[in-house]
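Working through the structure, step by step
The primary structure of each chain is shown beneath.
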Amino acid sequence: MSIVFFDIDGTLAERTYVPKSAAEAIARLRANGDLVFICTGRARAYAEANFGQYADGFVCCNGRLAFRGDEHLFEAPLTRDQVAQITARLDAVDAGYCFVEEWNAFYGGNPAYKPVAEGILGLGMLGDGVDSDTIHAFNFDVYFKDAAHRERIAEALRDTCLLNPHGPHPSADVTVLGVDKGDAVRSVAAALGVGIEDTYAFGDGINDICMLEAAGHGVAMGNAMDETKAVAEFVTTGIHDDGVANGLAHYGLA
């Protein structure tokens with residue numbers, strides 16, 4: 001049995017659209033007895049609602065929460081100090097932000113960007129205010145006016161976090177340094193008794209590099225960042241050019 005990990009944005013899907021060839025290849029993969037894990041910076045509710053039909057399990061919040069059904073395979077929530085320090089830095093650059101628990105999310109910062117957050121979550125889970133003493137957060141997203149504002153946010157967080165922008169959308173999910181998708185890949189494989197040599201990871205973004213390096217076989221999409229392609233064992237075609245299907249076929253998986 002193998003485990004194949006798929007990033008969402010730019011890898012498995014564009015927004016919530018999954019190419020037909022990818023959906024069919026994943027169905028064949030699972031029919032063969034292999035497991036599919038979504039491995040994303042997105043929150044649990046978003047990932048399950050939009051991509052649950054493709055997956056046996058999930059890694060969410062850029063590696064800080066991994067589960068299969070009701071079983072938690074790995075979790076590493078942010079500390080109170082991390083939340084307090086991060087929110088102070090974000091407030092200093094007038095960012096909007098949303099900290100994500102397993103089932104809830106809380107918005108803080110510039111109120112002008114809250115409708116953007118509501119548009120992404122869209123599941124009635126967004127509350128007001130981030131209390132570092134009570135929140136049990138696994139990750140956060142940031143919201144901004146434009147690319148220049150995003151760069152100010154990235155600079156404010158540069159020694160603690162890595163931003164993963166959502167294309168032209170005025171938002172980014174964040175990897176808080178210390179735990180990443182690679183940690184979750186190793187932990188999920190160990191929890192399920194699968195050797196790391198039987199794990200595969202597909203990604204396109206900077207935050208996927210750690211996942212591709214951790215897996216036994218790292219696959220970069222044809223539309224991936226150059227830095228991501230550089231660490232991949234194999235570079236497949238682009239997301240809209242049967243990239244997932246071609247990558248799985250390359251390894252004889254589907």
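The model shown is predicted, which means the values in this text are computed figures rather than measured ones. (Residues numbered from 1 in each chain as written. Predicted model: local features only at pLDDT ≥ 70, side-chain atom pairs only at ≥ 80, totals over all residues. Heavy atoms only, no water.)

1. Looking at the sheet that holds strand S13 (residues 217–220)
Taken in spatial order, the eight strands of this open sheet run S5-S4-S3-S2-S1-S12-S13-S14, and their pairing is mixed. Where the open sheet ends on each side, the last strands, each with one partner, are strand S5 (71–75) and strand S14 (234–235). Judged from the three bridges that link them, strand S3 (residues 57–60) and strand S4 (residues 65–68) form a sheet pairing that is antiparallel. Among the inter-strand pairings, Cys60 is bridged to a residue of S4, identified as Leu65. Its contacts with the sheet place helix H2 (residues 44–51) against strand S2 (35–39), S3, S4 and S5, and it is angled at close to 140 degrees to S3. The sheet strands contacting helix H6 (residues 181–191) are strand S1 (3–6), S2, S3, S4, S5 and strand S12 (199–203), and the helix crosses S5 at an angle near 140 degrees. (Pairing = 2+ DSSP bridges. Helix = DSSP H or I, 4+ residues; strand = E, 2+ residues; numbered from the N terminus. Contact = heavy atoms within 4.5 Å. Axes fitted to C-alpha atoms, helices over the stretch in contact; angles between N-to-C directions.)

2. Describing the pairing of strand S7 (residues 105–109)
With five bridges joining them, strand S6 (residues 96–100) and S7 adopt antiparallel strand pairing. Looking at S7, one finds that Tyr97 is bridged to Gly108. Adjacent in sequence and paired antiparallel, S6 and S7 are bridged by four residues. Pairing between S7 and strand S8 (residues 126–128): three bridges, direction parallel. Considered in S8, the bridge of Tyr107 is made with Asp128.

3. A short note on H6
Because an α-helix completes one turn every 3.6 residues, residues spaced three or four positions apart along the sequence face the same direction. All of the buried residues in H6 are Lys181, Gly182, Ala184, Val185, Val188 and Ala189. Down the axis of H6, the sector holding all buried residues measures 160 degrees, keeping them to one side. You can read the cap of H6 off the contacts: a side-chain oxygen lies 2.9 Å from the backbone nitrogen of Gly182, and it is on Asp180. Phi turns positive one or two residues past the end of H6, at Gly193, with a value near 70 degrees. (Buried < 20%, exposed > 50% of the residue type's maximum accessible area, 1.4 Å probe, protein only. Arc of directions from axis to C-beta. Polar contact = N/O pair within 3.5 Å; in protein donor to acceptor, adjacent residues only side chain to side chain.)

Read these as layout, nothing more, since geometry by itself doesn't imply function.
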